[in-house]
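This is what each chain is made of:
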Amino acid sequence: MDMFLGCKDLSIRFYNRSEKILSQITLSINKGEKVLILGPSGSGKSTLISALAGIIPEHLEAEVSGEVFCRKEAGVMFQDPDSQFCMLHVDEEIAFSLENRSIPRHEMDPIIAELMDKVGLMVDKKTPIETLSGGMKQRLALACLLALEPEVIFFDEPTAQLDPAGRNEIFVLLNQLAQKTNHTMVFVEHVLDGCIEWMDRVIILNENGSIIGDGQPKEMLLKFKNEMKEAGIWRPKLFPHKWEEVIQNDAHPLTIKLANLKKTKPLKDGDILLRTEHVEIGFGKKTIVSDIDIKIHKGEWISIVGENGSGKSTFLKSLIRLEPIKKGKILFQNTELKKWSERKLYEKAGFVFQNPELQFITDTVFEEVAFGGRQRNWPEDLIHTKTSQLLEEFGLESHQHAHPFTLSLGQKRRLSVATMLLLDQDLLLLDEPTFGQDEKTANELIQRLQERQDQGTTIVMVTHDMDLVDDYSDQVILFNKGRVTYQGTPYGLFSNPSNFRDSALIPPLHYQLMHARKEGVLV
């Protein structure tokens, strides 16, 4: 009997890399199975699903050995839905997929309506795609895939750029779809709660691109607990436990663990490094957030949170003049931002983009980190010493001669942060700094940032990771419905549901337990 989907003795090496990204992979996936692939950053997870989907080597060149058994009709849902769209309006995008199946135009409207209903895309079909939230864009991307009637759907971190509520919505939608249609689904994900519960299998890769585990989710988590922790693979925060048991049983191990996590942190009261006065941000004639009045003190760690499209990244960019403000004033070190020269400003403040490729300008990893020092005519030995130190800190020393674009997403993110730490700036602005990272490298990255904070650097980050917010922030700023609706400690935000209601935030698990017990209901 022919294999439905899989590979035998598959090894893959990209032509610009000396080492293999995947080594001797053999696996078979049955029709209708839901499979989750786990592994540390750079282990080849995305490469594996690209091979199984037929993208490698047909569309991405690589040296491939072994056999791959693909399905002719396969779809891939990527991290960034915008990279998949080529039309302006919702119905046009779905129609584009239908055209690939030669569906007559006069038959398309009812099919488009049915697909939009199936994925919960409750908007007018003529809605401009650019106006959709991140969650709605992923629903549209899914509708476009379903329009192709694929036998297999591959998901490469489909919730990575979504706010917590949007992530949950997509997981629920995909679970419902899996039950109704029995599609074969293959996932790569870092956030496991919400999806691992309904997976049939978990496949674990090690850092060398080899399979070390393949079996039922609960079995794999227990059997490879130490290996996953050592490799830095994210594990679920709740599964295999049941939420009802955690709430109702005081002696439950997870209940005890969560009860000990509550903490408060006093606000810092140092010199004000940056403040805004009645700032308004937006695009063109459209205002996103108005009347922003905040103060950031020297040495603070600030988290900016809110739902997709709430203006977080736009505001972050405005703090370093990468986006213009519509009204108001931004003052940095008591001088209005617009009065700073670019050279002086960028010596004092650094920015790490959500998409790290946007800031790469050289041909090697080493030169990318060294660039800032060369621009300032540092002595060559100082450049070499500081660059080598940063490459070692971020686990990139073995890639120093590689082109930045050939790195994995997690490695690109670490490189983008490393480039900003060479200059020891007073202010670091980071847009989703742990995006695409495994647990080990995310923790190491945060540790590097903490060290800079201890030396007096002020950290301002945009993030959807509420545990990160709770663990490290001195202050958290919430953007909600066009306003700053909260600025204070993480404990103050998460301990009072009225602070984050209707904001797409889901507090860390220990706050959820606190609220559930207080209200006497399951949340």
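Read on for a plain summary of the structure.

### Things to note about the overall build of the chain
When its secondary structure is counted, the chain shows 20 helices and 20 strands. In terms of overall dimensions, the chain is globule-like: its C-alpha atoms have a radius of gyration of 24 Å, near the 24 Å expected for 523 residues. Structurally, the chain occupies a C-alpha span of about 70 × 60 × 60 Å along its principal axes. Counting across all 523 residues of the chain, residues that qualify as buried make up 54%.

### Let's talk about the pattern of salt bridges
Two side chains bearing opposite charge may form a pair once their charged atoms approach each other closely. This model, assessed by the stated rule, comprises 28 salt bridges. One salt bridge connects Lys481 with Glu307, and the closest N-O pair in it is separated by 3.7 Å. Of this pair, Lys481 sits in the loop between strand S19 (475-480) and strand S20 (483-488) while Glu307 is found in the loop between strand S13 (301-305) and helix H11 (312-318), placing the two residues 174 residues apart along the sequence. Note on Lys481: relative accessible area 56%, which makes it exposed. Between Arg448 and Glu393 there is a salt bridge, and its shortest N-O distance comes to 3.5 Å. Note that Arg448 is positioned in helix H16 (residues 439-454) and Glu393 in helix H14 (residues 380-393), a separation of 55 residues in sequence.

### A closer look at the packing of helix H15 (residues 409-421) against H16
Running from amino to carboxyl end, H15 crosses H16 at an angle of 10°, the nearest separation of the two axes being 11 Å. The angle between H15 and H16 falls in the class roughly parallel. Side by side, H15 and H16 meet where Arg413, Arg414, Val417 and Leu421 of the first sit next to Thr441, Leu445, Arg448, Leu449 and Arg452 of the second. The residue inventory of the contact of H15 with H16, partitioned by class, reads 4 nonpolar, 1 polar and 4 charged.

### Concerning the nonpolar core
Grouped together as the largest cluster of nonpolar side chains are 50 residues, with contacts concentrated most on Leu36, Ile94, Leu140, Leu142, Phe155, Phe187 and Trp198. At 9 residues, the largest contribution of residues to this core is made by helix H5 (residues 134-147). Every residue in contact with Ile94, bar those within four places of it in the chain, is listed here: Ile112, Leu115, Met116, Leu140, Ala143, Cys144 and Ala147. Core analysis: the next-biggest nonpolar cluster, separate from the first, contains 29 residues, Leu273, Ile288, Ile304 and Phe315 among them.

### Describing the sheet that holds strand S7 (residues 184-188)
The sheet built from 6 strands is open, its strands ordered S5-S6-S7-S3-S8-S9 with mixed pairing. Each having just a single partner strand, strand S5 (74-77) and strand S9 (211-215) make up the two edges of the open sheet. The average undirected angle you get between the axes of adjacent strands in this sheet is 15°. As judged from the 5 bridges shared by strand S6 (residues 152-156) and S7, these two strands associate in the parallel manner. Across the sheet, residue Phe155 finds its bridge partner in S7, namely Phe187.

### Observations regarding the packing of helix H3 (residues 90-100) against helix H4 (residues 108-118)
Contact geometry of H3 with H4 gives a least axis separation of 10 Å together with a crossing angle of 110°. Here H3 is positioned roughly perpendicular relative to H4, judged by the angle of their axes. As H3 runs across H4, the sense of the crossing is right-handed. Along the contact surface, H3 presents Val90, Asp91, Ile94, Ala95, Leu98 and Glu99, while H4 presents Met108, Ile111, Ile112, Leu115 and Met116. Per-class residue counts for the contact of H3 with H4 are 9 nonpolar, no polar and 2 charged.

### Let's talk about the pairing of strand S8 (residues 201-205)
Counting buried positions along S8 yields 5 of 5 residues, so the element is predominantly enclosed. Every second residue of S8 is oriented toward a common face, with Arg201, Ile203 and Leu205 on one face and Val202 and Ile204 on the other, all of them buried. Here strand S3 (residues 34-38) pairs with S8 via 4 bridges, running parallel. By the bridge assignment, Ile37 is partnered in S8 with Ile203. Two strands pair when backbone bridges link them, and S8 and S9 are joined in this way by 4 bridges, in the antiparallel orientation. Bridged to Ile204 within S9 is Gly213. The hairpin turn running from S8 into S9, its antiparallel successor, is 5 residues long, and Gly209 in that turn takes a positive phi close to 75°.

### What about the environment of Val186?
Position of Val186 among the secondary structure elements: in strand S7. Judged by relative accessible area, Val186 falls into the buried class, the value being 0%. What Val186 contacts, discounting residues up to four positions off in sequence, is Leu5, Ile29, Val35, Ile37, Ile49, Val152, Ile153, Phe154 and Phe155.

### Let's talk about H14
Here H14 spans 20 Å end to end across 14 residues, near enough to the 20 Å set by a 1.5 Å rise per residue. Ile383, Lys386, Thr387, Leu390, Leu391 and Glu393 are the residues of H14 that are buried. End-on, the buried residues of H14 take up no more than an arc of 160°, which puts them together on one face. In H14, those exposed residues whose orientation departs by more than 90 degrees from the buried face are Asp381 and Glu392. Looking at the buried side of H14, the elements it contacts are helix H13 (365-375), H15 and H16. After H14 finishes, the residue Gly395 shows a positive phi value of roughly 65°.

### What to know about unusual backbone geometry
Cis peptide bonds are those with omega within 30 degrees of zero, and the linkage from Ile56 to Pro57 qualifies with 5°. Tracing the backbone shows Pro57 in helix H2 (residues 55-58). Looking along the chain, the bond that leaves Phe239 and enters Pro240 is cis, with omega of 10°. For Pro240, the location among the structural elements is in the loop between helix H8 (225-231) and helix H9 (243-248). With a phi close to 60°, Ser102 is a non-glycine residue in the positive phi region. As for its position among the elements, Ser102 is in the loop between H3 and H4. You can call Ser102 exposed: its relative accessible area is 63%.

Thresholds, definitions, all that
Residues numbered from 1 in each chain as written. Predicted model: local features only at pLDDT ≥ 70, side-chain atom pairs only at ≥ 80, totals over all residues. Heavy atoms only, no water. Helix = DSSP H or I, 4+ residues; strand = E, 2+ residues; numbered from the N terminus. Rg over C-alpha atoms; globule rule 2.2 N^0.38 Å. Buried < 20%, exposed > 50% of the residue type's maximum accessible area, 1.4 Å probe, protein only. Salt bridge = Lys/Arg side-chain N within 4 Å of Asp/Glu carboxyl O. Axes fitted to C-alpha atoms, helices over the stretch in contact; angles between N-to-C directions. Parallel < 35°, antiparallel > 145°, perpendicular 65-115°, else oblique. Contact = heavy atoms within 4.5 Å. Nonpolar A, V, L, I, M, F, W, Y, C, P; charged D, E, K, R; others polar. Core = buried A, V, L, I, M, F, W, Y, C linked by side-chain atoms within 4.5 Å. Pairing = 2+ DSSP bridges. Left-handed = near helix turned anticlockwise from the far one by under 90°. Expected span 1.5 Å × (residues − 1). Arc of directions from axis to C-beta.

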